[in-house]
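# Analysis of the macromolecular model
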Amino acid sequence: MSNSFSNQLRSVIEWQDPKPETLFEKWTEDGDEIKNASKLIVGPGQGCLFVYEGKVEGFFEEEGLYDLKTGNIPFWTTIKNIMYKFESAHKVGIFFYRKAEMQNIRWGTPSPITYKDPVYNFPVGLGAFGNFSFKITKPVDFFRNVIAGDDYYPVKAIQKVILSRITQPISDFLANASFSYTEIDKHRNEIASFSKNSCTQIFDELGFELLDFRIEGTSFDEETKTRIGRIADMSAEAQAMKELGVSYQDYQQLEALKNMAKNEGGGNIGMQMGAGLGMGQMLGNIMNNQNNQNQGQQGSQQQSPQQQNTPPQNDDPMQKLEKLKKMFDAGFIDEQEYKQKKQEILSQF
């Protein structure tokens, strides 16, 4: 900010190089007297308030050069009369303010919004974040009700006030909408549109206009991420079992037998051996069932009279090896189990 002095009185009033983080700033620092025939320069994106003894006497909204010695500005004539021939000990507070848009102001929910996922029926902790742009439209009201004569007011101060007010309607909307965690990103535009509409009045009451409101992303708390990970793992397992023709019941029994066989702390070697034998038998049954299904499907598509009278070959070692490899690749059995069963099948050749 630059001040020009002439006989300790102001002759040019101008707000030079305002910082982007400044919303309101008092022009003078070492006294507030101004000189008759002073000129006021209001730059692009700026406005100016004149305050006398704590009262806003008038303001300039349009950019340009103003000759304050003339009487064609009604409120300025009043100030001149008060100040006694325009050169006196009376003080006039001159406040410049940022009229330009304040863009890309960050926002975010201060804590996760909790609701129940309507599809998977588990609690979700959801957070959202983004940015918005706004500009001041009622500088006099804002100066009177919020700034209250402070010499300096930064953008971050009003940002804090705005964030404390806009997150509540956004949180209420997300909680009531109860989007499944898989559908959040699909509804971003809907969330942003509602947020802008619901926050417009909040900005207006403060003296601002909300220009745009964007959602950049969403996030989940750690507990929700853990639940989502479990669902993803189970879905992948279910798909793998479907492709292999393994029922979920068979899979659960196989896992139980594997855990029993590996339970070295049980102290019962006989039970462990029995679990191992049972697991091997179950693997054989699973592979045989899959072979039967495959051969049944092939036979139903095209069979000659001679083939229809020939019993299906359920013990084809190559099909068993192929099935066993798929189960190993899917993670249903470990390497030791795979090698052991593979050796059993190869012994049939």
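Scope of this entry: the structure provided in the associated data block. Values in this document were obtained by computation on a predicted structure and should not be read as measured data. (Residues numbered from 1 in each chain as written. Predicted model: local features only at pLDDT ≥ 70, side-chain atom pairs only at ≥ 80, totals over all residues. Heavy atoms only, no water.)

### Comments concerning the overall build of the chain
Broken down by element type, the chain carries 10 helices and 13 strands. Taking all 349 residues of the chain together, 38% fall into the buried category. Sequence-distant contacts in the chain: of pairs separated by 6 or more residues, those separated by 24 or more amount to 72%. Put simply, the chain shows about 19,800 Å² of open surface, and 48% of that area lies on carbon and sulfur atoms. (Helix = DSSP H or I, 4+ residues; strand = E, 2+ residues; numbered from the N terminus. Buried < 20%, exposed > 50% of the residue type's maximum accessible area, 1.4 Å probe, protein only. Contact = heavy atoms within 4.5 Å. Areas by Shrake-Rupley, 256 points an atom, 1.4 Å probe, with all protein chains shown as cover.)

### With respect to the pairing of strand 10 (residues 113-116)
Here is the key point about a regular strand: its side chains alternate between the two faces of the sheet. The two faces of strand 10 differ: Ile113 and Tyr115 on one face are buried, but Thr114 and Lys116 on the other face are not. Inspection of the sheet shows strand 10 paired to strand 11 (residues 123-136) by four bridges, in the antiparallel sense. Bridge pairing in strand 11 links Thr114 to Gly125. Counting the residues between successive antiparallel strands, the hairpin from strand 10 to strand 11 contains six residues, one of them, Asn121, with a positive phi of roughly 60 degrees. (Pairing = 2+ DSSP bridges.)

### Here's the deal with the packing of helix 9 (residues 317-329) against helix 10 (residues 335-346)
Closest axis-to-axis distance for the helix 9/helix 10 pair is 10 Å, and the angle between their directions is 180 degrees. For the element pair helix 9 / helix 10, the angle class is roughly antiparallel. Here Pro317, Lys320, Leu321, Leu324, Lys325 and Phe328 of helix 9 come into contact with helix 10, specifically with Glu335, Tyr338, Lys341, Lys342, Ile345 and Leu346. A per-class count over the contact of helix 9 with helix 10 returns seven nonpolar, no polar and five charged. (Axes fitted to C-alpha atoms, helices over the stretch in contact; angles between N-to-C directions. Parallel < 35°, antiparallel > 145°, perpendicular 65-115°, else oblique. Nonpolar A, V, L, I, M, F, W, Y, C, P; charged D, E, K, R; others polar.)

### Quick look at the packing of aromatic side chains
For the coordinates displayed, the defined rule picks out 20 aromatic pairs. A ring pair is formed by Tyr120 and Phe122, whose centres lie 6.4 Å apart and whose planes are at 40 degrees; its orientation type is tilted. Take Tyr120: its relative accessible area is 37%, and that puts it in the partly exposed class. The class for Phe122 is buried, based on a relative accessible area of 8%. (Phe/Tyr/Trp six-rings, centres within 6.5 Å; stacked < 30°, edge-to-face > 60°.)

### Considering the nonpolar core
Residues Phe24, Phe132 and Phe208 are the most contacted members of the largest nonpolar core, which totals 47 residues. Examining the composition of this core, we find that seven residues originate from one element, helix 3 (residues 155-177), more than from any other. Ile13, Trp27, Val42 and Cys48 belong to the second-largest nonpolar core, a separate cluster that totals 11 residues. (Core = buried A, V, L, I, M, F, W, Y, C linked by side-chain atoms within 4.5 Å.)

### Some points on the side chain of Ser195
Position of Ser195 among the secondary structure elements: in helix 4 (residues 188-206). Under the relative-accessibility criterion, Ser195 is labelled buried at 1%. Look past the residues within four positions of Ser195 in its chain and what remains in contact with it is Ile170 and Phe213.

### A few points about the side chain of Asp117
Looking at where Asp117 falls in the secondary structure, it is placed in the loop between strand 10 and strand 11. The side chain of Asp117 sits in the buried core without any salt bridge; Arg227 is the nearest counter-charge, 9.8 Å away. Side-chain polar atoms of Asp117 contact the backbone nitrogen of Val119, separated by 2.8 Å. In contact with Asp117, other than residues within four places in its own chain, are Phe122, Val124, Ser180 and Tyr181. (Lys, Arg positive; Asp, Glu negative; His and termini not counted. Salt bridge = Lys/Arg side-chain N within 4 Å of Asp/Glu carboxyl O. Polar contact = N/O pair within 3.5 Å; in protein donor to acceptor, adjacent residues only side chain to side chain.)

### A word on helix 9
Spanning 13 residues, helix 9 covers 18 Å between terminal C-alpha atoms, matching the ideal 18 Å at 1.5 Å per step. Within the sequence span of helix 9, burial applies to Pro317, Lys320, Leu321, Lys323, Leu324 and Met327. Taken down its axis, helix 9 places every buried residue within 165 degrees of arc, on the same side. Facing away from the buried side of helix 9, by more than 90 degrees, are the exposed residues Met318 and Asp329. (Expected span 1.5 Å × (residues − 1). Arc of directions from axis to C-beta.)

### Observations concerning helix 4
Along its 19 residues, helix 4 runs 27 Å from first to last C-alpha, staying within 8% of the 27 Å computed at 1.5 Å per residue. Its axis deflected by about 35 degrees at Cys199, helix 4 carries its strongest bend there. Residues of helix 4 that are buried include every one of Ile191, Ala192, Ser195, Cys199, Ile202, Phe203 and Leu206, and no others. Backbone geometry just downstream of helix 4 places Gly207 in the positive-phi region, at approximately 105 degrees. (Bend = angle between axes of the 7 residues up to and from the residue.)

### Topic: unusual backbone geometry
Positive phi, normally seen in glycine, also occurs at Asp17, with a value near 50 degrees. Considering the arrangement of structural elements, one finds Asp17 in the loop between strand 2 (9-14) and strand 3 (22-26). For Asp17, a relative accessible area of 71% puts it in the exposed group. Not every positive phi belongs to a glycine, and Ser178 is a case in point at roughly 50 degrees. With respect to the secondary-structure elements, Ser178 resides in the loop between helix 3 and helix 4.

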